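# Survey of secondary and tertiary structure
Chain by chain, the residues run as shown.
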Amino acid sequence: MNGFRENHEIFEKAGAQIVEISVDSVATQKAWADSMSGVPFPILADFHPKGAVAQAFDVYNDERGVAKRSAFIIDPEGVIRFSYEYPRGVSPNPAELLKEILELRKGQ
């Protein structure tokens, strides 16, 4: 998530809003954000009912009780324009997602 914090302004200039969602509780999310000296974008807890958002996006791992690490680019009308489910242990690459956002903006 550090790459998104460090590049937050670049995403804003590209017209993108970063939102991090986890099945962790609000208290856990707050503690994590505080340990990072704050996070400049919204962090949402998909905690109760646990994983409801992840299930809606078909990225919930029932066996482990966690969301699969994923990234979505959703346009202002709410249409998913890009999605990718990352292999376990691999985090989204901010540069790759920014490239996707800029490509989508070119096509508008």
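Going by the structure above, here's the rest.
Residues numbered from 1 in each chain as written. Predicted model: local features only at pLDDT ≥ 70, side-chain atom pairs only at ≥ 80, totals over all residues. Heavy atoms only, no water.

## Let's talk about the overall build of the chain
On a plain count of helices and strands, the chain comes out with five helices and six strands. In the chain, the succession of helices and strands from N to C terminus is α-α-β-α-β-α-β-β-β-β-α. Over its C-alpha trace the chain gives a radius of gyration of 14 Å, about what one expects of a compact globule, namely 13 Å for 108 residues. Dimensions along the principal axes, computed over C-alpha positions, put the chain at roughly 40 × 30 × 25 Å. Per-residue burial for the chain yields a buried fraction of 29% across its 108 residues. Residue pairs at least 24 apart in sequence account for 38% of intrachain contacts in the chain once pairs closer than 6 positions are excluded. Accessible surface computed for the chain: about 7400 Å², of which carbon and sulfur atoms make up 51%. Of note, the chain has its 12 positive side-chain charges centred 3 Å away from the centre of its 16 negative side-chain charges. (Helix = DSSP H or I, 4+ residues; strand = E, 2+ residues; numbered from the N terminus. Rg over C-alpha atoms; globule rule 2.2 N^0.38 Å. Buried < 20%, exposed > 50% of the residue type's maximum accessible area, 1.4 Å probe, protein only. Contact = heavy atoms within 4.5 Å. Areas by Shrake-Rupley, 256 points an atom, 1.4 Å probe, with all protein chains shown as cover. Lys, Arg positive; Asp, Glu negative; His and termini not counted. Charge placed at Lys NZ, Arg CZ, Asp CG, Glu CD.)

## Focus on unusual backbone geometry
The residue after histidine 48, namely proline 49, is reached through a cis peptide bond having omega -5°. Relative to the helices and strands, proline 49 resides in the loop between strand S2 (43–45) and helix H4 (52–56). In this model, aspartate 58 sits at a positive phi of 60°, which is unusual for a non-glycine residue. Turning to its location among the elements, aspartate 58 is positioned in the loop between H4 and strand S3 (60–61).

## With respect to the packing of aromatic side chains
To describe a pair of aromatic rings, one takes the distance between the centres and the angle between the planes. This structure, assessed with the given rule, holds three aromatic pairs. Between tyrosine 84 and tyrosine 86, the aromatic rings sit 4.6 Å apart at their centres with planes inclined by 75°, giving edge-to-face as the arrangement. (Phe/Tyr/Trp six-rings, centres within 6.5 Å; stacked < 30°, edge-to-face > 60°.)

## Some details on the side chain of glutamine 29
If you trace the backbone, glutamine 29 turns up in helix H3 (residues 26–35). Looking at glutamine 29, the relative accessible area reads 7%, which means it is buried. Residue contacts for glutamine 29: discarding those within four places in its chain leaves Glu20, Ile21, Ser22, Asp24, Ile43, Leu44 and Ala45.

## A look at the nonpolar core
Phe4, Phe11, Ile18, Val39, Phe41, Leu97 and Ile101 are the most contacted members of the largest nonpolar core, which totals 16 residues. Listed by contribution, the elements that provide at least two residues to this core are strand S5 (70–74) and helix H5 (94–106). Considering each element in turn, this core owes the most residues, three residues, to H5. Once you skip the residues sitting within four places of it in the chain, leucine 97 turns out to touch Phe4, Phe11, Ala71, Ile73, Phe82, Tyr86 and Pro92. (Core = buried A, V, L, I, M, F, W, Y, C linked by side-chain atoms within 4.5 Å.)

## Brief notes about the pattern of salt bridges
The full count for this structure, using the stated rule, is four salt bridges. In this structure, aspartate 75 and arginine 81 form a salt bridge, with 2.8 Å as the shortest nitrogen-oxygen distance. Aspartate 75 sits in the buried class, given a relative accessible area of 10%. (Salt bridge = Lys/Arg side-chain N within 4 Å of Asp/Glu carboxyl O.)

## Thoughts on the pairing of S5
The alternating pattern of S5 places Ala71 and Ile73 on a buried face and Ser70, Phe72 and Ile74 on a face that is not buried. Pairing of S5 with strand S6 (residues 80–85) involves five bridges; the strand directions are antiparallel. Across the sheet, phenylalanine 72 pairs through a bridge with serine 83, a residue of S6. Counted along the chain from S5 to the antiparallel partner S6, the turn is five residues long, and its residue glycine 78 has a positive phi close to 90°. (Pairing = 2+ DSSP bridges.)

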